[in-house]
Amino acid sequence: MGWLWGSSHKEVPKDISPTIPTEPAKQNTPSKTLTPDEQADLEFNQILADLRAEDASLSKGTGLTPDGNPLPKSQTPSSPISPESLYQDTMSCRNAFDYAFFCQSFGGQFVNVYRYGELRSCSDHWDNLWLCMKTRTWPDDLRRREIRDHNRKKSIKYKTGPSSEDVWDVRLDPAKESFKGDFAAMWQEMKAEDEAAKRQAEQAVS
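What you are looking at is a predicted structure, and each value in this text was computed from that prediction instead of being measured. (Residues numbered from 1 in each chain as written. Predicted model: local features only at pLDDT ≥ 70, side-chain atom pairs only at ≥ 80, totals over all residues. Heavy atoms only, no water.)

Chemist: Help me understand the overall build of the protein, please; the structure alone is not making it clear to me.
Modeler: Within the protein, the secondary structure is distributed over six helices and zero strands. When the elements of the protein are put in sequence order from the N terminus, they spell out α-α-α-α-α-α. Across the protein, every contact between residues at least 6 apart in sequence was considered, and the portion connecting residues at least 24 apart equals 59%. Summed over its atoms, the accessible surface of the protein is roughly 17,900 Å², and 56% of this surface lies on carbon and sulfur atoms. (Helix = DSSP H or I, 4+ residues; strand = E, 2+ residues; numbered from the N terminus. Contact = heavy atoms within 4.5 Å. Areas by Shrake-Rupley, 256 points an atom, 1.4 Å probe, with all protein chains shown as cover.)

See the structure below:
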């Protein structure tokens, strides 16, 4: 009866084959704790992923690809003609981040010194980024209105002298048939007017 008490040599019955597990047993390994730097990198990469996704959705509404190239005409949305359309109502958080980061860098300030002879403030670029990040979850109409108002205030801030807006009124209706007509006849009429002006000048001199 030694086999009941754990003898030093155990025989395996011939009719029983040893069982082999089909998959390795799962080991309860504790989850790795991220360091502060790794956590910051993870959050930063998540922000960049969100910005790329936003650029992809934004390109459908602006008529531009994320690289700034125009979309095909069949995919380009039509924009209304109104005084409000003077100011852009969309903003790419990724582009705002790139501009702000570059302005704050050594290379960006070197460009400012080369162009303007002095260091330049990057507050406008950071303001654009904060506005974009603040409104990215807002309803589309409210976000567009906020961005348009932001750009309108910027244009007033940097307006230093007269411009075409002081002379011309904003067109409220789109131009129709602007490039239709007899251009050959118009060209002949312009040439005739030039020749008549030359003859009058020659007569005045003589």
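Chemist: What is the right way to read the packing of helix α2 (residues 93–104) against helix α4 (residues 123–135) from this model?
Modeler: Packed helix pairs are characterised by how far apart their axes lie and by the angle those axes make with each other. Taken N-terminus to C-terminus, the directions of α2 and α4 make an angle of 150°; their axes are 8 Å apart at the nearest point. Relative to α4, the element α2 lies roughly antiparallel. For the pair α2 and α4, the crossing hand works out as left-handed. Only H125, W126, N128, L129, C132 and M133 of α4 make contact with α2, whose side of the interface consists of C93, A96, F97, Y99, A100, C103 and Q104. Looking at the contact of α2 with α4 residue by residue, the class counts come to 10 nonpolar, three polar and no charged. (Axes fitted to C-alpha atoms, helices over the stretch in contact; angles between N-to-C directions. Parallel < 35°, antiparallel > 145°, perpendicular 65-115°, else oblique. Left-handed = near helix turned anticlockwise from the far one by under 90°. Nonpolar A, V, L, I, M, F, W, Y, C, P; charged D, E, K, R; others polar.)

Chemist: Can you help me understand the packing of aromatic side chains in this one?
Modeler: Between two aromatic rings, the relevant description is the distance of the centres plus the angle of the planes. This model, assessed by the stated rule, comprises three aromatic pairs. Both rings, one in W126 and one in W130, keep their centres 5.7 Å apart while their planes meet at 20°; by these two values the pair is stacked. With W126 and W130 both in helix α4 and four residues apart, this pair spans about one turn of that helix. Overall, W130 belongs to the exposed group, its relative accessible area being 52%. One Lys or Arg, R120, reaches over the ring of Y116 and ends 4.0 Å from the middle of that ring. (Phe/Tyr/Trp six-rings, centres within 6.5 Å; stacked < 30°, edge-to-face > 60°. Buried < 20%, exposed > 50% of the residue type's maximum accessible area, 1.4 Å probe, protein only. Lys NZ or Arg CZ within 6 Å of the ring centre and 35° of its normal.)

Chemist: Can you walk me through a negative patch on the surface in this structure?
Modeler: Taken together, the side chains of E189, E193, D194 and E195 make up a negatively charged region of the molecular surface. As for its placement among the helices and strands, E189 is situated in helix α6 (residues 183–205). Here E189 falls in the partly exposed class, since its relative accessible area comes to 49%. (Patch = residues over 30% accessible without salt bridge, like charges linked within 9 Å, V, L, I, M, F, W, Y side chains within 5 Å. Salt bridge = Lys/Arg side-chain N within 4 Å of Asp/Glu carboxyl O. Lys, Arg positive; Asp, Glu negative; His and termini not counted. Charge placed at Lys NZ, Arg CZ, Asp CG, Glu CD.)

Chemist: When you look at the pattern of salt bridges in this model, what are you seeing that I'm missing?
Modeler: For side chains bearing opposite charge, pairing can occur when the charged atoms are close. With the rule as written, the count across this model stands at six salt bridges. R144 serves as the salt-bridge partner of D89, at 3.1 Å between the closest nitrogen and oxygen. Taken as a pair, D89 in the loop between α1 (36–62) and α2 and R144 in helix α5 (residues 140–157) lie far apart in primary sequence, 55 residues in all. Among the salt bridges present, the one from D140 reaches R144, with a minimum N-O distance of 3.0 Å.

Chemist: Teacher, can you tell me more about the side chain of T135 here?
Modeler: The residue T135 is located in helix α4 in this model. Filtering out sequence-adjacent residues up to four positions away, T135 remains in contact with R143, E146 and I147.

Chemist: Help me understand the state of the cysteines in this model?
Modeler: Two cysteines joined by a covalent bond between their sulfur atoms form a disulfide. Applying the stated rule across the entire model yields two disulfides. At a sulfur-sulfur separation of 1.9 Å, the disulfide partner of C93 is C132. Between C93 and C132 the sulfur-sulfur dihedral comes to about -100°; the bridge is accordingly left-handed. You can see C93 sitting in helix α2 and its partner C132 sitting in helix α4, a full 39 residues away along the chain. Residue C93 shares its accessibility class with C132, and that shared class is buried. The disulfide partner of C103 is C122, and the S-S distance across this bridge is 2.1 Å. On the sign convention where negative is left-handed, the bridge of C103 and C122, at about -90° about the S-S bond, is left-handed. With C103 in helix α2 and C122 in the loop between α3 (106–116) and α4, this residue pair connects regions lying 19 residues apart in the sequence. Note on C103: relative accessible area 8%, which makes it buried. You can call C122 buried: its relative accessible area is 6%. Numbered by position along the chain, the disulfide-linked cysteines of the protein connect as 1-4, 2-3. (Disulfide = S-S within 2.5 Å.)

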